[in-house]
Amino acid sequence: MADLEAFRTEAREFLEKNAPKGLRGRGMAMNQEAADEEPGDVREARRQWTKLMADKGWTAPTWPTEYGGGGLSPREARVMQQEMAKLKLPPPLMGMGLSMIGPTLLVHGSEEQKNEYLPKIVTGEHRWCQGFSEPNAGSDLASLSCQAKLDESGDNYIVNGQKIWTSGAQFANWIFLLVRTDETTKHNGITFLLSPMKVPGLEIRPIRLISGNSPFCETFFENVKIPVKNVLGGVNNGWTVAKALLGFERSGMGGIAGGGGGQARRGSAALGGNRMVSLAKETVGVENGKVADGKIREDMTNVMLDQMALTLTQQRSAATAKSKGAPGPETSIFKIVASELGHRRDELMLRLRGTGGLGWEGGDTPEEDLMLTRSWLSAKATTIYGGTSEIQRNIVSKRVLRLPQPK
Ligand SMILES: Cc1cc2nc3c(=O)[nH]c(=O)nc-3n(C[C@H](O)[C@H](O)[C@H](O)COP(=O)(O)OP(=O)(O)OC[C@H]3O[C@@H](n4cnc5c(N)ncnc54)[C@H](O)[C@@H]3O)c2cc1C
């Protein structure tokens, strides 16, 4: 424990001295499009912040140092994140590299693959996207049909097919994807591939939403050549690798067990209970040192207790995952609880904000409040991506509770 306190002091001093002051209290941009629109000095501060932390390996605090990570224990990583939160610093780096493919590479990657990919995730040089869903394979992902056939040399796969809802594909330079390598069997005929985005035959079409933004894309593969050495976890073993990756995605444990991005994906979760309490004090008022409204106090306490219980359960599961390699089907419980809890917290914060919570951009509305509104809206998707809540409940019933299944 004394060591942990010594580490806390070291982390605090390092962050206080070096973290760019202009980023404190700023939060993360909601997406790359928003990040690109930030003023030049903010973008530069973010670049410096990422570099500063990457140089220490603290963008991926718990990854081994030989792959560029920080080599911290999960407890040290939490202490570091607590010190960052005290200074209201945004995560130095986020994305599917840290929260999904990195932790999966640590479990299923060859030594060569770990050395090749992990350090570039730590620095942010590789930005990954996820090519799982297809027009006819969403919830029933294993029915995917994007096809990979070996070429004559036997050194490359030739990939043909389409992916959809590929988040951030237009900003990514690498993609991890599932392809069909055996037509005669369903789950055992899938292979997990890694590919650069800038290759002949790979085309991205952003899907434009009513907001004008394009958070995700259609991704087309026409005779795209992917070397056999880019198979992760073995030919026709892709479903096992995909389940591990989905475990990291669903648990948000990339941040606890593996990398650093998972939880940070959710804007208002990052703002945490402190913001909720200060917002309540501002808007409802204070009586005897407490938030004046008893019902609001009760609702806030319930959200904060549930958040605490979720975090502790995730930490327990992360410890088990460390010994087993990857998180198991219980992560579906986290996905359901975290997404529904996120909705409850966002609704409560918006209720507290009243008409002030209607801001979308610009004007006099503080950045934190704008983030709150945007986060409330974008969080609607959390019960869909990574597998819908219905699918998570099916998994819990089958693989956690082992209930009898319909014939
Ligand atoms: C914001 C966002 C980002 C995304 N990003 C990515 C990405 O980067 N990469 C990627 O590959 N995919 C991504 N997705 C796709 C996501 O994984 C799928 O949308 C999701 O798995 C559901 O598939 P679907 O949309 O085809 O819905 P469908 O599978 O068609 O489901 C429609 C409805 O039927 C229900 N349903 C289906 N089957 C069952 C069943 N057996 N039992 C009970 N109910 C069922 C579902 O719960 C849902 O309500 C993203 C989605 C969103 C919303």
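Residues numbered from 1 in each chain as written. Predicted model: local features only at pLDDT ≥ 70, side-chain atom pairs only at ≥ 80, totals over all residues. Heavy atoms only, no water.

How would you sum up the overall build of the protein? Please name residues and give values.
Regarding its fold elements, the protein presents 13 helices and nine strands. Against the compact-globule benchmark of 22 Å for 407 residues, the protein has a radius of gyration of 22 Å, which places it among compact chains. Dimensions along the principal axes, computed over C-alpha positions, put the protein at roughly 75 × 50 × 45 Å. The 407 residues of the protein split such that 47% are buried. In the protein, the share of contacts with a sequence separation of at least 24, taken over all contacts with a separation of at least 6, comes to 69%. Accessible area of the protein: about 19,600 Å², with a carbon and sulfur share of 52%. (Helix = DSSP H or I, 4+ residues; strand = E, 2+ residues; numbered from the N terminus. Rg over C-alpha atoms; globule rule 2.2 N^0.38 Å. Buried < 20%, exposed > 50% of the residue type's maximum accessible area, 1.4 Å probe, protein only. Contact = heavy atoms within 4.5 Å. Areas by Shrake-Rupley, 256 points an atom, 1.4 Å probe, with all protein chains shown as cover.)

For the domain arrangement of the protein, give the residues involved together with the corresponding values.
Domain boundaries in the protein define domain 1 (2–93), domain 2 (128–237) and domain 3 (266–400). Averaged C-alpha coordinates put domain 1 and domain 3 at centres separated by 22 Å. Each partner contributes to the interface: domain 1 provides seven residues, whereas domain 3 provides seven residues. For the pairing of domain 1 and domain 3, the buried interface totals around 600 Å² over both sides, and the portion due to carbon and sulfur atoms is 60%. Counting across the interface, domain 1 meets domain 3 through zero salt bridges. On inspection of domain 1 and its partner domain 3, the count reaches zero residue pairs in polar contact (both at pLDDT 80 or more). (Domains from an automatic or database assignment. Buried area = accessible area lost by both parts, 1.4 Å probe. Salt bridge = Lys/Arg side-chain N within 4 Å of Asp/Glu carboxyl O. Polar contact = N/O pair within 3.5 Å; in protein donor to acceptor, adjacent residues only side chain to side chain.)

Now, about the packing of aromatic side chains: what can you tell me, with residues and values included?
All told, the structure shown has 10 aromatic pairs when counted by the stated rule. Relative to Trp174, the ring of Tyr117 lies with its centre 5.2 Å away and its plane at 75°, an arrangement referred to as edge-to-face. Of the two residues, Tyr117 is situated in helix H6 (residues 111–123) and Trp174 in strand S4 (residues 174–180); the sequence distance between them amounts to 57 residues. Trp174 matches Tyr117 in its accessibility class, with the two residues each being buried. Aromatic side chains Trp165 and Phe216 sit 5.1 Å apart centroid to centroid with 65° between the ring planes, which places their arrangement in the edge-to-face category. Here Phe216 lies in strand S7 (residues 216–227) and Trp165 lies in strand S3 (residues 156–167), a separation of 51 residues in the sequence. Taking the relative accessible area as the measure of exposure, Trp165 reaches 46% and is therefore partly exposed. Counting every residue linked through ring pairs, the aromatic cluster contains Tyr117, Trp128, Phe132, Trp174, Phe176 and Phe192. The lysine or arginine in question, Lys56, covers the ring of Trp58, its NZ or CZ lying 4.8 Å from the ring centre. (Phe/Tyr/Trp six-rings, centres within 6.5 Å; stacked < 30°, edge-to-face > 60°. Lys NZ or Arg CZ within 6 Å of the ring centre and 35° of its normal.)

A description of the environment of Gly71 should follow, citing residues and the corresponding values.
Tracing the sequence through the fold places Gly71 in the loop between helix H3 (40–55) and helix H4 (74–86). Between the C-alpha atom of Gly71 and that of Pro61, which follows or precedes it by 10 residues, the distance is 6.2 Å. In contact with Gly71, not counting residues within four places along its chain, are Pro61, Thr62, Trp63 and Thr65.

Could you give an account of the environment of Arg399, with specific residues and numbers?
Mapping Arg399 onto the fold places it in helix H13 (residues 389–400). Of the residues examined, Arg399 reaches a relative accessible area of 34% and is grouped as partly exposed. Setting aside residues up to four positions removed in sequence, Arg399 forms contacts with Lys243 and Pro329.

Kindly report on the site of the ligand, identifying the contributing residues and their values.
Surveying the vicinity of the ligand reveals 18 residues, the closest of which are Ser133, Ser139, Trp165, Ser167 and Thr388. For the ligand, whose unbound accessible area comes to 970 Å², protein coverage reaches 62%. Going through the elements one at a time, S3 and H13 are the ones with two or more residues in the shell around the ligand. Formed jointly, the shell around the ligand draws a minimum of three residues from each of two domains, domain 2 (128–237) and domain 3 (266–400). (Near = heavy atom within 4 Å.)

Can you lay out helix H1 (residues 2–18) for me, pointing to particular residues and giving the numbers?
Taking 1.5 Å of rise per residue, 17 residues should cover 24 Å, and H1 covers 24 Å from first to last C-alpha, within 8% of that figure. Against H3 and H4 lie the buried residues of H1. (Expected span 1.5 Å × (residues − 1).)

How would you summarise the nonpolar core if you had to cite specific residues and measurements?
Formed by 32 residues in total, the largest nonpolar core has its most connected members in Ile101, Trp128, Phe132, Phe176, Phe192 and Leu194. Among the secondary structure elements, those contributing two or more residues to this core are helix H5 (96–108), H6, S4, strand S5 (190–196) and helix H7 (238–251). Here this core spans two domains, since at least three of its residues come from each of domain 1 (2–93) and domain 2 (128–237). Look past the residues within four positions of Ile101 in its chain and what remains in contact with it is Met96, Ile121, Trp128, Phe176, Phe192, Leu194, Leu232 and Leu245. (Core = buried A, V, L, I, M, F, W, Y, C linked by side-chain atoms within 4.5 Å.)

Describe in detail H4, supporting the description with residues and values.
In this model, H4 (13 residues) spans 18 Å end to end at C-alpha, consistent with the 18 Å of a helix rising 1.5 Å per residue. Among the residues of H4, those classed as buried are Ala77, Val79, Met80, Glu83 and Met84. Within H4, the buried residues cover an arc of 160° as seen down the axis, which keeps them to one side. In this structure, H4 carries Ala85 and Lys86 as exposed residues pointing more than 90 degrees from its buried face. Packing partners of the buried residues in H4 comprise H1 and H3. (Arc of directions from axis to C-beta.)

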